[in-house]
Amino acid sequence: MRHTKTGLFIQFLVLNLFFNTYGQTQGSGKTYLVINGIWFTGNGFVKQTFYCSNGILAAKKPNRVDSIIDLAGKYVIPPFGEAHNHNVEWYGEERFYKLRDRYLKDGIFYVKNPNNLPKVPGQLAGRINTPQSIDVSFSNGSITAPQGHPLGLVKRNIDREVWTIADGEGGFYYSVDNLKEFYTKWETLKKTKPGFIKLYLLYSEEYAKRRTDSNFFAWKGLNPAMLKTMIEKIHKDGYRVAVHVETSADFHTALLAGADEINHTPGFRAKEDYGFENYKIAEADAKLAARKKIAVVTTMGTAIDNIFKTIDSLPYKATEKEMIIHNLLVLHKNKVRLAIGSDAYGQTARFEIDHLKKLGIFDNLTLLKMWCETTAQTIFPGRKIGYLKEGYEASFLVLEGNPVEDFKYTERIMMRVKSGLIMRNL
Ligand SMILES: [Zn+2]
C-alpha cells in the first residue's frame, strides 16, 4: 500500500479499509500506524498514535510500517466481553456462524461459557479463538449436588432427545455428595481440559433441608461445608473457580471458600415468597469481595427487563427492584469488580449492558469500564486485554462518537481490529 501525506488520499484509504474488506481479513504480520484516533485511557479519551505490530500495540515506531490507518478523530475503545452465556455450543456451522457474527457485530470478542458439553470446544476447534472469530473460555462439565442445578435443563434436553443420558452425569455435570466422590470425579473432569471450573451453590443456608427432598429438584447445590476444601484442591491443580450463587448466604459462603469469580448477582432470579431480604448482600461481604479481588458477573438483564415490564401490575416488583439496586450498588461502591454477563441464551452482553444502563444507577464511564476492562480480564485473566496500552493485544473497536458522552455510540462501531487484524465489516 502506498503512503502519502495528503489527507484526501488517507481519507480514501480509511474508506477503503472500512468498506472494501468484506469477507477477508488483512494479511497477518502487517504493521499499521494508526493516526488521529482518540483512545480510551480507562478514565477518558486522549488523542494518541499507536502502531499495531505483530498483533500487539506499540507506542514506538517498529522497523517497518505497511499502512497507515487514519481514524479521522474517531473514538477507540477495547473490545467488549460476554462473561456468562451458554449459547456458544455446536448445532452446526450455519447456526454457529450466525452467533459468531452477532457477537462480533456487537463488538464482543471474548465469551465465557460456564457450563457446556465437554465435546463443544472440539466441535468448534478452528472456528473460535482466531483473529476472525470470538475467543471463548469453557468450563465444560460443572460440579453440583445429586439432583442439583442444572439437572432441570439436562433432563429437558434428554426428554426432548436433543441430548443422550451420556451427556448428563460425567458430561454436562458431575454430582458429588461428599469429598470422596469429588476427588474421584474431579480427576475425570480435569481430563476434559476446562478453561476454569464451575461449582454450584443454591440456597446453601437450606442445604440440609433440601438435600434429599425431591420438591427441590434442580433447586439445590453443593454442601457448603465442603466448598472450601474443593476450591483449595482445584486451585492447587491450577484452575480458577467460578461459583454459581442465588442468595446472599451463597455469596458469603462462596467468598469465604475462596471463589475467584461469583456467577450471578444474588437475587438474579429471586423468589418473592423467600423474602427479598435474603438476597441482599451485606456491606461487610462486599468489602471482603473487593479485598479478595473477586469478580462478580452481573446477569441481571432478564430480571431488570421483567421488572420494567411488570412493576405497574405487580406491587412486589418495587421491592425486588430495590434489592437489585442495593446489591449492584453495594458491590460497586465498595469497588468490587463487576463483569458484564447476560446468561441470556438468545442474547449477548449487549442485552445485559442495556438493562444495567436502563436501571439508571451507573454512569457511562462506569459501564464502559465494566464491559471493556473487567469483563475481558475475568474471561481471560492471563492475557493482556481490556486496555489500550503498549504491549497489550492490538484489539480494539472504533466508534463514531464518544461513548462516555452518549452510550449509544457503543452501538456505532465503524471498525473492529483483533490481534492486529482488521475484521471484515458486519
Ligand atoms: Zn448460566
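Definitions and cut-offs
Residues numbered from 1 in each chain as written. Predicted model: local features only at pLDDT ≥ 70, side-chain atom pairs only at ≥ 80, totals over all residues. Heavy atoms only, no water. Donors = N, O, S within 2.8 Å, 3.2 Å for Na, K, Ca; no water. Helix = DSSP H or I, 4+ residues; strand = E, 2+ residues; numbered from the N terminus. Buried < 20%, exposed > 50% of the residue type's maximum accessible area, 1.4 Å probe, protein only. Core = buried A, V, L, I, M, F, W, Y, C linked by side-chain atoms within 4.5 Å. Domains from an automatic or database assignment. Contact = heavy atoms within 4.5 Å. Phe/Tyr/Trp six-rings, centres within 6.5 Å; stacked < 30°, edge-to-face > 60°. Lys NZ or Arg CZ within 6 Å of the ring centre and 35° of its normal. Pairing = 2+ DSSP bridges. Buried area = accessible area lost by both parts, 1.4 Å probe. Salt bridge = Lys/Arg side-chain N within 4 Å of Asp/Glu carboxyl O. Polar contact = N/O pair within 3.5 Å; in protein donor to acceptor, adjacent residues only side chain to side chain. Nonpolar A, V, L, I, M, F, W, Y, C, P; charged D, E, K, R; others polar. Patch = residues over 30% accessible without salt bridge, like charges linked within 9 Å, V, L, I, M, F, W, Y side chains within 5 Å. Areas by Shrake-Rupley, 256 points an atom, 1.4 Å probe, with all protein chains shown as cover. Axes fitted to C-alpha atoms, helices over the stretch in contact; angles between N-to-C directions. Left-handed = near helix turned anticlockwise from the far one by under 90°.

Draft legend 1. Fine view of the coordination of the zinc ion. Those donors, His 84 (NE2), His 86 (NE2) and Asp 343 (OD), are the protein atoms that reach the zinc ion, and they lie 2.0 to 2.7 Å from it. Linear spacing of the donor residues for the zinc ion on their chain is H-x1-H-x256-D. Here the residue His 86 occupies a position in the loop between strand S6 (80-82) and helix H2 (93-105), and Asp 343 occupies one in the loop between strand S15 (337-339) and helix H12 (349-359), the gap between them amounting to 257 residues. You can call His 86 partly exposed: its relative accessible area is 21%.

Draft legend 2. Representation of the nonpolar core in the model. Membership of the largest hydrophobic core comes to 117 residues, with the highest contact counts inside it found for Val 88, Ile 143, Leu 199 and Phe 396. Per-element tally for this core: the top contributor is helix H13 (residues 364-379), with 7 residues. Formed jointly, this core draws a minimum of three residues from each of two domains, domain 1 (7-78 + 390-422) and domain 2 (80-379). Those residues in contact with Ile 143, other than ones at most four positions away along the chain, are Tyr 174, Val 176, Phe 182, Trp 186, Leu 189, Ile 197, Lys 198, Leu 199, Tyr 200, Leu 222 and Met 230. In terms of nonpolar packing, the next biggest core, distinct from the first, is built from 6 residues, Leu 33, Ile 35, Val 65 and Ile 68 among them.

Draft legend 3. Summary view of the packing of aromatic side chains. For the coordinates displayed, the defined rule picks out 18 aromatic pairs. On the basis of an interplanar angle of 75° and a centroid distance of 6.3 Å, the ring pair of Phe 109 and Tyr 110 is categorised as edge-to-face. The exposure class assigned to Phe 109 is buried, which follows from its relative accessible area of 0%. Overall, Tyr 110 belongs to the buried group, its relative accessible area being 1%. On the numbers, 6.2 Å between centres and 20° between planes, the contact of Phe 182 with Trp 186 is stacked. Taken together, the residues Phe 182 and Trp 186, both in helix H5 (residues 179-190) and 4 residues apart, mark about one turn of the helix. In textbook terms, an aromatic cluster arises when at least three aromatic residues are bridged by ring pairs, as seen for Phe 182, Tyr 183, Trp 186 and Tyr 239. Across from the ring centre of Phe 308, 4.6 Å away, lies the NZ or CZ of Lys 358, which sits over that ring. If you follow Arg 383 out to its NZ or CZ, it ends over the ring of Phe 380, 4.6 Å from the centre.

Draft legend 4. Quick look at unusual backbone geometry. In this structure, the amide linkage connecting His 149 to the following residue, Pro 150, adopts the cis form with an omega of 10°. As for its position among the elements, Pro 150 is in the loop between strand S9 (142-144) and helix H4 (151-159). Notably, Asn 36 is not glycine yet its phi reads approximately 60°, a positive angle. The phi dihedral of Gln 147 is positive, around 65°, even though this residue is not glycine. Within the secondary structure layout, Gln 147 lies in the loop between S9 and H4.

Draft legend 5. Broad picture of H4. Those residues of H4 that fall on the buried side of the exposure criterion are Leu 151, Gly 152, Val 154 and Asn 157. Elements that come into contact with the buried residues of H4 comprise S9 and strand S10 (173-175). Positive phi shows up at Glu 161, right after H4, with a value of about 60°.

Draft legend 6. Layout of the pairing of strand S17 (residues 413-418). Burial within S17 is extensive, with 5 of its 6 residues counted as buried. In this sheet, S17 lies alongside strand S16 (residues 396-399) in antiparallel orientation, the contact comprising 4 bridges. From the neighbouring strand, Leu 397 faces S17, where its bridge partner is Arg 416. As defined by bridge partners, S17 adjoins strand S18 (residues 421-422) across 2 bridges and the pair is classed as antiparallel. Bridge pairing links Lys 418 to Leu 421 in S18.

Draft legend 7. View of the domain arrangement of the protein chain. Under the domain assignment, the protein chain is made up of domain 1 (7-78 + 390-422) and domain 2 (80-379). Relative placement of domain 1 and domain 2: their C-alpha centres are 33 Å apart. At the interface, 22 residues of domain 1 touch 24 residues of domain 2. Taking both sides of the interface into account, the surface hidden between domain 1 and domain 2 amounts to around 1,800 Å²; carbon and sulfur atoms contribute 66%. Among the residues domain 1 hides against domain 2, the three largest losses belong to Phe 407, Arg 416 and Lys 418. Together they make up 38% of the total. Between Lys 418 and Asp 135 there is a salt bridge, with the nearest N and O atoms lying 2.8 Å from each other. Applying the counting rule to domain 1 against domain 2 returns 8 residue pairs in polar contact (both at pLDDT 80 or more). Put simply, the parts of the chain that give the side of domain 1 that touches domain 2 at least two residues each are S16 and S17. For the side of domain 1 that touches domain 2, the class distribution of residues is 12 nonpolar, 5 polar and 5 charged.

Draft legend 8. Quick peek at a nonpolar patch on the surface. Together, Tyr 91, Val 162 and Tyr 345 make up an exposed nonpolar region whose accessible area comes to about 260 Å². Judged by relative accessible area, Tyr 345 falls into the partly exposed class, the value being 39%.

Draft legend 9. Quick look at the packing of helix H8 (residues 248-257) against helix H9 (residues 283-291). At a minimum axis separation of 10 Å, H8 and H9 run at an interaxial angle of 35°. In this structure, the crossing between H8 and H9 has a hand that is left-handed. Of H9, the residues touching H8 (which contributes Ser 248, Phe 251, His 252, Leu 255 and Leu 256) are Asp 285, Leu 288 and Ala 289. Of the residues belonging to the contact of H8 with H9, the class tally is 5 nonpolar, 2 polar and 1 charged.

Draft legend 10. A look at the pattern of salt bridges. All told, the structure shown has 27 salt bridges when counted by the stated rule. Residue Glu 283 is joined to Lys 287 by a salt bridge in which the shortest nitrogen-to-oxygen separation is 3.6 Å. Of this pair, Glu 283 and Lys 287 are both found in helix H9, 4 residues apart, which corresponds to roughly one turn of the helix. A relative accessible area of 43% means that Glu 283 is categorised as partly exposed. Here Glu 320 and Lys 317 are joined by a salt bridge, their closest N and O atoms 2.9 Å apart. Taken together, the residues Glu 320 and Lys 317, both in helix H11 (residues 317-333) and 3 residues apart, mark about one turn of the helix. A single salt-bridge network, built from bridges that share partners, covers Asp 135, Arg 383, Glu 393 and Lys 418.

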